[in-house]
Amino acid sequence: KNEVEQSPQNLTAQEGEFITINCSYSVGISALHWLQQHPGGGIVSLFMLSSGKKKHGRLIATINIQEKHSSLHITASHPRDSAVYICAVRREYGNKLVFGAGTILRVKS
Amino acid sequence: KAGVTQTPRYLIKTRGQQVTLSCSPISGHRSVSWYQQTPGQGLQFLFEYFSETQRNKGNFPGRFSGRQFSNSRSEMNVSTLELGDSALYLCASSSLQGAGLPYGYTFGSGTRLTVV
């Protein structure tokens, strides 16, 4: 079993919909990152979380340390949000980053 | 300010050759990490450097090595290339927060290596 599991693997939404991507992990962590990767490879670091909730524009990220679970929400989705969203955790011991397989999001207009 | 710069952007090498990739971090960032991305394995951590010292290493064979210079620029080297080394190699730089925990990451655009 992978240490970091994301769901869903693929997601197609209509413009304006509220989107949720989930990330579950099985190891102790010191931080969790949400990354966005557009076609062509460029990766943008969206959030780094160690507790609670963060908001940036239409993006909201939450983490529940006890349940080992994080969610990334996109409100009022737009076609430009179409990308791969990747969850990554930094292990509490050893300090290494472990990545989820990513969620491919397509927002249709 | 300038972002993370990776060179070259594209590279084609023959099996058995070696390759060196370069990463220049954001000015002031002292931590550089490297990642391999393939369609089959996704993103995988290679190694991480801070102040010329390797802090962490992923589960890759010894053919993969790296180093960091005093100006924080980093290079990674892959010797005796195999077809399976074809991938997008990404580096990221970060500043430090607290007890050595990098605060966020800024990624370069990557080097796409094709081994034929």
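Right above here is the structure, for reference.
Quick summary incoming for the structure in this document. Treat the numbers as computed from the prediction; the structure is a model and nothing was measured. (Residues numbered from 1 in each chain as written. Chains lettered and ligands numbered in written order. Predicted model: local features only at pLDDT ≥ 70, side-chain atom pairs only at ≥ 80, totals over all residues. Heavy atoms only, no water.)

Some details on the overall build of chain B
Secondary structure assignment for chain B yields zero helices and 11 strands. Ordered by position from the N terminus, the helices and strands of chain B form the series β-β-β-β-β-β-β-β-β-β-β. In terms of overall dimensions, chain B is globule-like: its C-alpha atoms have a radius of gyration of 14 Å, near the 13 Å expected for 116 residues. Taking the principal axes of the C-alpha coordinates as reference, chain B spans close to 45 × 30 × 25 Å. Counting the 116 residues in chain B, one finds 51% classified as buried. The contacts in chain B between residues at least 6 apart in sequence include a share of 54% that link residues at least 24 apart. Counting only carbon and sulfur atoms, one obtains 48% of the accessible surface of chain B, whose full area is about 5,500 Å². Each charge class in chain B was averaged separately, 11 positive and 5 negative side chains, and the resulting centres sit 5 Å apart. (Helix = DSSP H or I, 4+ residues; strand = E, 2+ residues; numbered from the N terminus. Rg over C-alpha atoms; globule rule 2.2 N^0.38 Å. Buried < 20%, exposed > 50% of the residue type's maximum accessible area, 1.4 Å probe, protein only. Contact = heavy atoms within 4.5 Å. Areas by Shrake-Rupley, 256 points an atom, 1.4 Å probe, with all protein chains shown as cover. Lys, Arg positive; Asp, Glu negative; His and termini not counted. Charge placed at Lys NZ, Arg CZ, Asp CG, Glu CD.)

Side note on the state of the cysteines
Residue and element names in this part refer to chain A. Throughout the structure, instances matching the rule amount to two disulfides over all chains. The residue that forms a disulfide with Cys23 is Cys87, at a sulfur-sulfur distance of 1.9 Å. Looking down the S-S bond of the Cys23 and Cys87 bridge, the torsion is -60°, so its handedness is left-handed. One end of the pair, Cys23, is in strand E3 (residues 19-25); the other, Cys87, is in strand E9 (residues 83-91), and 64 residues separate them in sequence. Overall, Cys23 belongs to the buried group, its relative accessible area being 0%. (Disulfide = S-S within 2.5 Å.)

A word on the pattern of salt bridges
In this structure the tally under the stated criterion is eight salt bridges over all chains. In this structure, Arg90(A) and Glu48(B) form a salt bridge, with 3.4 Å as the shortest nitrogen-oxygen distance. With Arg90(A) in strand E9 and Glu48(B) in strand E5 (residues 42-50), this pair bridges two chains. Glu48(B) carries the same exposure label as Arg90(A), and that label is buried. A salt bridge links Glu75(B) to Arg73(B); its shortest N-O distance comes to 3.3 Å. For Arg73(B), a relative accessible area of 24% puts it in the partly exposed group. (Salt bridge = Lys/Arg side-chain N within 4 Å of Asp/Glu carboxyl O.)

A word on the sheet that holds strand E7 (residues 64-68) of chain B
Residue and element names in this part refer to chain B. Across the sheet, which stays open at both edges, the four strands sit in the order E1-E3-E8-E7 with antiparallel pairing between neighbours. Each of the sheet's edge strands pairs with one partner strand only, and the pair in question is strand E1 (5-7) and E7. Between one strand and the next, the sheet's axes are offset by a mean angle of 15°, whatever the strand orientation. Note: E1 against strand E3 (residues 19-24), three bridges, orientation antiparallel. For Gln6, the partnering residue across the bridge sits in E3 and is Cys23. (Pairing = 2+ DSSP bridges. Axes fitted to C-alpha atoms, helices over the stretch in contact; angles between N-to-C directions.)

Re the sheet that holds strand E8 (residues 69-74) of chain A
All names here are of chain A. Spatially, E1-E3-E8-E7-E6 is the arrangement adopted by the five strands of the open sheet, whose pairing is antiparallel. At either end of the open sheet lies a strand with only one pairing partner, and these are strand E1 (4-7) and strand E6 (52-56). The average undirected angle you get between the axes of adjacent strands in this sheet is 15°. Sheet topology note: the E6/strand E7 (residues 59-64) ladder contains five bridges and is antiparallel. When the sheet's bridge partners are listed, Lys55 is paired in E7 with Ile60.

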